[in-house]
Amino acid sequence: MIDQVRPAELAAWFAQNPDAPAVLLDVREPWELQTASVVPQGFTLVAIPMNEIPARLSELGEDQRIACLCHHGARSQRVAAFLSQNGFAELANVAGGIDAWSAQHDPSVPRY
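Residues numbered from 1 in each chain as written. Predicted model: local features only at pLDDT ≥ 70, side-chain atom pairs only at ≥ 80, totals over all residues. Heavy atoms only, no water.

J.: For this particular structure, what's the right way to read the packing of aromatic side chains?
T.: What characterises a pair of aromatic rings is the spacing of the ring centres plus the angle enclosed by the ring planes. Evaluation of the coordinates by the stated rule reveals 3 aromatic pairs. Here Phe14 and Phe43 contribute two aromatic rings whose centre-to-centre distance is 5.8 Å and whose plane-to-plane angle is 35°, an arrangement assigned as tilted. One end of the pair, Phe14, is in helix α1 (residues 10-15); the other, Phe43, is in the loop between α2 (30-35) and β3 (44-47), with 29 residues separating them in the sequence. Residue Phe14 is classed as buried on the basis of its relative accessible area, which comes to 6%. On the basis of an interplanar angle of 70° and a centroid distance of 5.8 Å, the ring pair of Trp31 and Tyr112 is categorised as edge-to-face. Of the two residues, Trp31 sits in helix α2 while Tyr112 sits in the segment after α4 (97-105), which places them 81 residues apart along the sequence. Since its relative accessible area comes to 27%, Tyr112 is described here as partly exposed. Each residue in the set Trp13, Phe14 and Phe43 is aromatic and connected to the rest through ring pairs, giving one cluster. One cation-aromatic arrangement involves Arg65 over Trp13; the distance from NZ or CZ to the ring centre is 3.8 Å. (Phe/Tyr/Trp six-rings, centres within 6.5 Å; stacked < 30°, edge-to-face > 60°. Helix = DSSP H or I, 4+ residues; strand = E, 2+ residues; numbered from the N terminus. Buried < 20%, exposed > 50% of the residue type's maximum accessible area, 1.4 Å probe, protein only. Lys NZ or Arg CZ within 6 Å of the ring centre and 35° of its normal.)

Okay, structure coming up:
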């Protein structure tokens, strides 16, 4: 089962396993990243568009604790499920995506 984590709970979710590298995987398209993006704080930000994940899977490590992010949470949920099917164990979906990130956690992030 994929954890559903609100943006404000992300740091605590990463802290559950401090030995695992913390990665926020942003699966949105490049134009979306230019419109609104998060500032990494205590995690590494990796941006790979959803449709490129299968070809770029080697850029992610199974030892990482990965939280997936998109606009509202649907694409990132699908990516998290794909990663789970490919051997990744420590996964979460950022519930509500970048939109919730802006509304609940960091209002300086533009909403679109």
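From this point on, the discussion continues.
J.: Sorry, what's going on with the nonpolar core here?
T.: Here is a general trend for soluble globular proteins: nonpolar side chains tend to be buried in one another's company. Counting residues in each nonpolar core, the largest one holds 17 residues, and the members touching the most others are Leu25, Ile53, Ile66 and Leu83. For this core, the elements supplying multiple residues, two or more each, are β2 (22-26), β4 (65-69) and α3 (74-85). In terms of residues, this core owes the most to one element, α3, which gives 3 residues. Once residues within four sequence positions are removed from consideration, Ile66 is found in contact with Trp13, Val23, Leu25, Leu60, Gly61, Leu83, Phe88, Glu90, Leu91 and Ala92. (Core = buried A, V, L, I, M, F, W, Y, C linked by side-chain atoms within 4.5 Å. Contact = heavy atoms within 4.5 Å.)

J.: Help me understand the sheet that holds β4, please; the structure alone is not making it clear to me.
T.: Two pairing modes exist for strands in a sheet, parallel and antiparallel, and in both the strands are linked by backbone hydrogen bonds. Across the sheet, 5 strands lie side by side as β1-β5-β4-β2-β3; this open sheet has parallel pairing. Each edge of the open sheet is held by one strand with a lone partner, namely β1 (3-5) and β3. Between one strand axis and the next, the sheet turns by 30° as a mean value, whatever way the strands run. Across 5 bridges, the pairing between β2 and β4 is parallel. By the bridge assignment, Leu24 is partnered in β4 with Ala67. (Pairing = 2+ DSSP bridges. Axes fitted to C-alpha atoms, helices over the stretch in contact; angles between N-to-C directions.)

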